[in-house]
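# Notes for the structure review
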Amino acid sequence: MSRRLLLSVAGLGLLSAAGCATAVPSPGDLAAHAGGGGPTPGTPSGRAGTPTPSPSPTGPGTAAAASAPPRPSATPSTRTVGAVNVPSPSLSPAAPQPRRVGSPLFSLPSHDRLVALTIDDGPDPANTPVVLSILQQYGIRATFFLIGENAARQPALVREIADHGHHIANHTWTHPDLRGLSETTVRDELQRTCDLLHTATGRAPTWFRAPGGDWSDVSLRVGAELGMRPMGWSVDPQDWARPGTSAITTRVLQAVGPGSIVLNHDGGGDRSQTIAALRMYLPVLIDEGYRFTAPPQ
Ligand SMILES: [Zn+2]
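Residues numbered from 1 in each chain as written. Predicted model: local features only at pLDDT ≥ 70, side-chain atom pairs only at ≥ 80, totals over all residues. Heavy atoms only, no water.

## Topic: the nonpolar core
Across soluble globular proteins, nonpolar side chains show a tendency to be buried alongside one another. Condition: Remark: nonpolar core denotes a set of buried residues (Ala, Val, Leu, Ile, Met, Phe, Trp, Tyr, Cys) joined through side-chain atoms within 4.5 Å. A simple rule labels every residue: compare its accessible area, found with a 1.4 Å probe on the protein chains alone, to the largest value its type can have, and call it buried under 20%, exposed over 50%, or partly exposed in between. Under the DSSP-based scheme used, a helix requires at least four consecutive residues in state H or I and a strand at least two consecutive residues in state E, with every element numbered from the N terminus.
Counting 35 residues, the largest nonpolar core has Leu 117, Leu 135, Phe 144, Val 262, Tyr 281 and Leu 282 as the members making the most contacts within it. Listing elements by their share of this core, those giving two or more residues are β1 (114–122), α2 (128–138), β2 (143–146), α3 (148–153), α4 (155–163), α5 (183–201), α7 (245–255) and α8 (272–287). In terms of residues, this core owes the most to one element, α8, which gives six residues. One finds Cys 194, Ala 210, Trp 215 and Val 222 within the second-largest nonpolar core, a separate group that totals twelve residues.

## Some details on α2
Heads up, the condition is: Arc definition: it is the arc formed by the directions from the helix axis to the C-beta atoms.
Along α2, the positions that sit buried rather than exposed are Thr 128, Val 131, Leu 132, Ile 134 and Leu 135. Each buried residue of α2 sits inside an arc of 160° when the element is viewed along its axis, so together they form one side. In α2, the exposed positions angled more than 90 degrees off the buried face are occupied by Gln 136 and Gln 137. Looking at the residues trailing α2, positive phi occurs at Gly 139, about 65°.

## Things to note about the packing of aromatic side chains
Threshold: Any Phe, Tyr or Trp ring, taking Trp's six-membered ring, that has another such ring centre within 6.5 Å forms a pair; planes under 30 degrees apart are called stacked, those over 60 apart edge-to-face, and the others tilted. Charge-over-ring placement is defined geometrically: NZ (Lys) or CZ (Arg) within 6 Å of the ring centre, and within 35 degrees of the ring normal.
Following the criterion strictly, the structure yields one aromatic pair and no others. Here Phe 208 and Trp 215 contribute two aromatic rings whose centre-to-centre distance is 5.5 Å and whose plane-to-plane angle is 85°, an arrangement assigned as edge-to-face. Relative accessible area serves as the criterion here: at 0%, Phe 208 is assigned to the buried category. The residue whose ring lies beneath Arg 192 is Trp 173, and the NZ or CZ to ring-centre distance is 4.2 Å. Stacked on the ring of Phe 145, the Lys or Arg Arg 209 has its end atom at 4.2 Å from the ring centre.

## Let's talk about the packing of α5 against helix α6 (residues 217–225)
Definition in use: A fitted line through C-alpha atoms serves as each axis, taken over the contacting stretch for helices, and the angle formed by two N-to-C directions is quoted from 0 to 180°. By the definition adopted for this analysis, an angle is roughly parallel if under 35 degrees, roughly antiparallel if over 145, roughly perpendicular if from 65 to 115, and oblique otherwise. By definition, turning the near helix anticlockwise from the far helix through less than a right angle yields a left-handed crossing, and turning it clockwise yields a right-handed one. In this description, contact between two residues means that some pair of their heavy atoms is separated by no more than 4.5 Å. Here the term charged refers only to Asp, Glu, Lys and Arg, the term nonpolar to Ala, Val, Leu, Ile, Met, Phe, Trp, Tyr, Cys and Pro, and the term polar to all other amino acids, Gly among them.
Remark: α5 packs on α6, axes separated minimally by 10 Å, with the N-to-C direction vectors making an angle of 45°. Classified by the angle between their axes, α5 and α6 sit oblique to one another. The two elements α5 and α6 cross, and the hand of that crossing is right-handed. Counted together, Glu 183, Val 186, Arg 187 and Leu 190 of α5 and Val 218, Ser 219, Arg 221, Val 222, Gly 223 and Glu 225 of α6 form the full contact between these two elements. Its residues assigned to classes, the contact of α5 with α6 shows four nonpolar, two polar and four charged.

## Remarks on the pairing of strand β6 (residues 261–265)
How we decide: Only when DSSP finds a minimum of two bridges between them are two strands counted as paired.
The buried fraction of β6 is high, at five of five residues. Across the two faces of β6 the burial is the same, with Ile 261, Leu 263 and His 265 and Val 262 and Asn 264 all buried. By the bridge criterion, five bridges tie β1 to β6 in an arrangement that is parallel. In the sheet register, Asp 120 faces β6, and the bridge partner there is His 265.

## Remarks on the pairing of strand β3 (residues 167–170)
Side-chain alternation along β3 places His 167 and Ala 169 on one buried face and Ile 168 and Asn 170 on a second face that is also buried. Where β2 lies against β3, four bridges are found, and the strand directions are parallel. Each residue of the ladder has a partner; that of Thr 143, found in β3, is His 167.

## A closer look at the pattern of salt bridges
This is how the line gets drawn: Whenever a carboxyl oxygen of Asp or Glu lies within 4 Å of a side-chain nitrogen of Lys or Arg, that contact is scored as a salt bridge.
Using the criterion set out here, one finds seven salt bridges in the structure. Note that Arg 221 and Glu 225 form a salt bridge whose closest N and O atoms lie 3.5 Å from each other. Here the residue Arg 221 and the residue Glu 225 both occupy positions in helix α6, the gap between them amounting to four residues, near one helical turn. Here the salt bridges share partners, and the residues they tie into one network are Glu 183, Arg 187, Arg 221 and Glu 225.

## With respect to the packing of α2 against α4
Two quantities define a packed helix pair, namely the angle between the axes and the distance from one axis to the other. Between α2 and α4, the shortest axis-to-axis distance is 11 Å and the interhelical angle comes to 10°. Considered as vectors, α2 and α4 are oriented roughly parallel to each other. Along the contact surface, α2 presents Thr 128, Pro 129 and Leu 132, while α4 presents Leu 157, Glu 160 and Ile 161. In the contact of α2 with α4, the residues fall into four nonpolar, one polar and one charged.

## Quick notes on α7
For α7, the tally of buried residues reaches eight of eleven residues, placing the bulk of the element in the interior. Of all the residues in α7, the buried ones are Ala 247, Ile 248, Thr 249, Arg 251, Val 252, Leu 253, Gln 254 and Ala 255. Where α7 is buried, its residues contact β6 and α8.

## Notes on the coordination of the zinc ion
Note the following rule: Any nitrogen, oxygen or sulfur atom within 2.8 Å of a metal ion counts as a donor, with the limit raised to 3.2 Å for Na, K and Ca, and since water is left out, coordination shells can look unfinished.
Protein coordination at the zinc ion comes from Asp 121 (OD), His 171 (NE2) and His 175 (NE2), with a distance range of 2.0 to 2.1 Å. Going along the chain, you hit the donors of the zinc ion in the pattern D-x49-H-x3-H. There is no split in this pair, since His 171 and His 175 are both buried.

Following this line, the structure appears as structure tokens:
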């Protein structure tokens, strides 16, 4: 089946008037830095993959394994896990580190208990509304990395996500591994999604994420040319693999820290475990004083 045909069926095939900016936007008060958040499979089709530990001292790589011990009830100052648990002064918001062009943002430059929740691979007509309801319940704003062909099938849902105050970001058109693709194909994957999201929401996305976190020089450059910044993650509970609600919950709670960018999925099939885990770990984090943010658009 040609999913792209669905775009035309949806009447969204000719969107040349809309699109992403052509200049790299200002990073604002967030300075991206390399490190942290290794690649993850993150594909709804179940593509295998192995998380890669971060080489950076500022990032923990992926979340702890399912066999890790339960979350300790230690005070914040004694916790030893987290994306920026021992942040470098250079990551202070007051002294942002100059952004290297094309370098993904893997964690927020925050010393405070600030977390960015990111939801990938939607929109999904069954899962996304439930996730939106949960986030609304807790007053949390998140970033949704949408797959273009899914968004083309659910344009009303795209607008609903934006209407809830969440940020809409670009997760390519078909969720391919970008590393082996030609520049033309990479540009098509990103540009088409930019155009669709811009048309659906009235606003071009300013962040993009490579499927599986599999960045390439070409994708980073093309994304920048389209006016988007790359965002990775620092906490990956591997929820895409459906390891169980308790495993997802434990992995998030064990790995999260000030400045963490958490990866969850609302697309790719049955996400009941992810949804149940959100209901488990979000109130815990709130009780611990965490606040949630979506990096500025
Ligand atoms: Zn994905």
